[in-house]
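Letter by letter, the chains look like this.
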Amino acid sequence: MSSFPDRTSDASTLLARLLLDPARQERVTHVEQVPARPGRQADWPPWVDPLLVQRLQLAGVDRPWRHQVEAAELARDGTSVIVSTGTASGKSLAYLLPVLTALLQDERAAALYLSPTKALATDQLRAVRALKLMAVRAATFDGDTPREERDWVRRHGRLILTNPDMLHRALLPRSADWASFLRGLAFVVVDECHTYRGVFGSHVALVLRRLRRICARYGAHPVFVLASATASDPEVTAARLTGLPVVAVTEDASPRGRTEFALWEPPLLPSTGSSGAGEHGSPVRRSATAETGELLADLVVEGGRTIAFGRSRRGAEAVSLSARRALAEAAPELMPRVAAYRAGYLPEERRELERRLQSGELLGVAATNALELGLDVSGLDAVVLTGWPGTVASVWQQAGRAGRAGQGALAVFVARDDPLDTYLVHHPEALFGRPIESVVLDPANPYILGPHLRCAAAELPLTEDDLDLFGGADPVRPLLADLVRRGVLRARPKGWFWTSLERPEVDLRGTGGPPVRLVEGGTGRLLGTVDAAASHTQAHTGAVYLHQGSSWIVDRLDLEEAVALVHAEEPDYSTFAREITSLTIVQSLRSAAYDGVTLHFGDVDVTHQVVSFLRKRHGGGQVLGEEPLDLPPRQLRTRAVWYTVNPDDLADAGLEWADVPGAAHAAEHAAIGLLPLFATCDRWDIGGVSSAIHADTGTCTVFVYDGHPGGAGFAEQGFRRGAAWLRATRDAIASCECPSGCPSCVQSPKCGNGNEPLHKRGAVRLLDVVLASGLAEVASG
């Protein structure tokens, strides 16, 4: 018996079979044809070690692609380089050629490989070890590495594969233990560097500067080789990330099969009774999760190896569960060959899933963006995207996972019931006609730079010569003075010295502390973990937690002990936390005044508190009930974009004063949903507040803020692109077919006020006033 059903890898045939049901044909709003592309090869560079060429040819690499050689030549010559080409274009060979050649030809040389996920590092280690180059001595060094192996890696490893977190927590603070390795460090590879954006990217940029500083202490000045998905201005992003001048290689010479890319909108549910009505009687679409699960099952039955991507861990689990339920009826023998893949699993679970995925044992996988990255999964036929993943770059990165061996592929974008997804499926030019975004990161953010100056001083006293490395005297000196004033650092003629015996604590990923453990109450068995920052919304008392197709109910969340006790149960609903938010203005940093409207960008204080959770029926999303919660408030100093509107202008536009709160609230929700079109963020990276009369402005005000301490650059992009952003927001609301507001336009899935009050027509009038004021794009500066 074959390990696969009869395979139908032709994208057109797969799509046609999905659309055999006439009711489904109405769900496809657009099909984009992405043409095939031939490959262009080059000769092996003469400097590449002959043994490496031989092993690569035995592995099936006859000759390299041109972009691989171009990047490898630059790195070999000592120039830091970023190769920014499409998914499955062979970026790894571009850095492996110079790195492995150096390790084979110089026994003192060493190299460091950084990836954003453990899975990717493990996959790269597997690929390197498959070449059987004994002198390379490659090894992973991450949180899964057993203690007894870590000493061997420190003493003998020459190509060490790790992540920024381990570099920050384990290598840099103990650089003396790594002296031999650091002294010979010739190359630093930063893989999938487009993922280092926003706050996390700013943290990583400063970790890399600390690495360069420690290396210089040991006489090493490594060349940086960065690999990225296709991005705008990759050399600018790479320079901001590393602090070095970087040359970009962007012309992709690898071959590509034809891709059919379908935009898919789930249907409205029947409006009879409560089953087809959402909050306040609004129409409800079938959930994107249920639709994706059904598509995943159908594609597996048709023989298409498929990955279905979702935004959240819970979404991935729900898609997997939905697909397995569908297969239980249609093809029960295929149920074991569908699974979920996400963060939060135990290491042994994750490794087993990776093995089954790469061997082809799994035919269908529901995953978070952990599989968006370069984990080698060959022979995929289709990819399903469950909603907007945050950036155009991520759309193409995920879609590109299918057809990795050069064959044709099918990609399907399934719209969630929210303003942005609805806008995209009805405006395909907003997706297929848009350039790839620039990556936004800001290592000069004082809320990020200050803690890393503490780390740097603890590693090695800071000197005047270090100021330029961390951004120059202007941003650095005030922070150092503040750290001295607080007694954290001590100023001496030779520099700034760390004063404590303890290491500074800096959380690179903004998880808010140690992860919360999910523990089965009856047995004490550890199921998995949830980030501390997400525990209030995902592991609160009463929450439904999904794990490998099984449902668990949280009995109690203990924040002090970072433990959530759970029991197994299969409810017919999911849970969604609600939180209330208040905001005060600290200062306006920039503003632009128009006729009755002023646009601002500045610092704000935000207070969040999860106050309740909703229980929503599977599939349709109907609200079954709401339960109160007693969780502590959380404080956030961040940055926001906001606009104020003259009440007289609203009255002149026919907007009654009683309708202004609902109009502002609806405009806020839609603006949050549409900002990801103009900034490299997800709607869950940002938040908003609106008020008919805000206490700090005295007038109607709508705020959208970055959901990260100190800001992440998203609100600033909204300030700069205000006219285009708010025009798209207005159009998305006005074009929605619902009479009074729905999740596709002005309702928000995370609204702490139960989506009350909302006034759809009022939001359009409010935004018409804003746009008629002469609002224009604001130049950067």
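Residues numbered from 1 in each chain as written. Predicted model: local features only at pLDDT ≥ 70, side-chain atom pairs only at ≥ 80, totals over all residues. Heavy atoms only, no water.

Turning our eyes to something else, we now look at the overall build of the protein chain. Tallying secondary structure elements over the protein chain gives 25 helices and 27 strands in all. The globule rule puts the C-alpha radius of gyration for 781 residues at 28 Å, and the 26 Å found for the protein chain is close to it. Projected onto the principal axes, the alpha-carbon positions of the protein chain cover approximately 75 × 75 × 55 Å. By the burial criterion, 58% of the 781 residues in the protein chain qualify as buried. Accessible surface for the protein chain amounts to roughly 30,300 Å². Of this, 50% is attributable to carbon and sulfur atoms. When the 81 basic and 93 acidic side-chain charges of the protein chain are each reduced to a single mean position, those positions are 6 Å apart. (Helix = DSSP H or I, 4+ residues; strand = E, 2+ residues; numbered from the N terminus. Rg over C-alpha atoms; globule rule 2.2 N^0.38 Å. Buried < 20%, exposed > 50% of the residue type's maximum accessible area, 1.4 Å probe, protein only. Areas by Shrake-Rupley, 256 points an atom, 1.4 Å probe, with all protein chains shown as cover. Lys, Arg positive; Asp, Glu negative; His and termini not counted. Charge placed at Lys NZ, Arg CZ, Asp CG, Glu CD.)

The subject of this paragraph is unusual backbone geometry. Residues other than glycine seldom take positive phi values, yet alanine 88 does so here, at roughly 65°. Summarising the element assignment, alanine 88 is placed in the loop between strand 2 (81-84) and helix 5 (91-105). Backbone geometry places lysine 132, a non-glycine residue, at a positive phi of 55°. Structurally, lysine 132 is set in the loop between helix 6 (118-130) and strand 4 (138-140). Since its relative accessible area comes to 61%, lysine 132 is described here as exposed.

In this section: the packing of aromatic side chains. Tallied over the full model, the rule gives nine aromatic pairs. Judged by centre distance (6.0 Å) and plane angle (70°), the ring pair of tryptophan 178 and phenylalanine 181 falls under edge-to-face. Taken as a pair, tryptophan 178 and phenylalanine 181 share a single burial class, namely buried. With centroids separated by 5.2 Å and ring planes inclined at 80°, the aromatic side chains of phenylalanine 261 and phenylalanine 432 adopt a geometry described as edge-to-face. One end of the pair, phenylalanine 261, is in strand 9 (residues 259-264); the other, phenylalanine 432, is in helix 17 (residues 429-432), with 171 residues separating them in the sequence. Each member of the pair, phenylalanine 261 as well as phenylalanine 432, is classed as buried. An aromatic cluster of three or more residues is present, and its members are Phe141, Trp178 and Phe181. The ring of phenylalanine 576 has arginine 314 lying over it, and the distance from NZ or CZ to the ring centre is 4.7 Å. (Phe/Tyr/Trp six-rings, centres within 6.5 Å; stacked < 30°, edge-to-face > 60°. Lys NZ or Arg CZ within 6 Å of the ring centre and 35° of its normal.)

Here we take up the environment of serine 320. Mapped onto the secondary structure, serine 320 falls in helix 13 (residues 313-330). Considered as a pair, serine 320 and methionine 335 are 15 residues apart in the sequence and their alpha carbons are 9.9 Å apart. Discounting chain neighbours no more than four positions away, the residues touching serine 320 are Val338, Ala339, Ala340 and Ala366. (Contact = heavy atoms within 4.5 Å.)

The seven strands lie next to each other as 1-9-14-13-10-12-11, forming an open sheet whose pairing is mixed. The strands lining the two open edges of the sheet, one partner per strand, are strand 1 (28-34) and strand 11 (338-341). Neighbour-to-neighbour, the strand axes of the sheet open up by a mean angle of 15°, direction not taken into account. Bridge analysis of strand 11 against strand 12 (residues 364-367) gives four bridges, and the strand direction is parallel. Bridging across to strand 12, alanine 340 finds its partner in alanine 366. Contacting strand 1, strand 9 and strand 14 (409-414), helix 16 (residues 419-426) runs over the sheet at an angle of about 130° to strand 14. (Pairing = 2+ DSSP bridges. Axes fitted to C-alpha atoms, helices over the stretch in contact; angles between N-to-C directions.)

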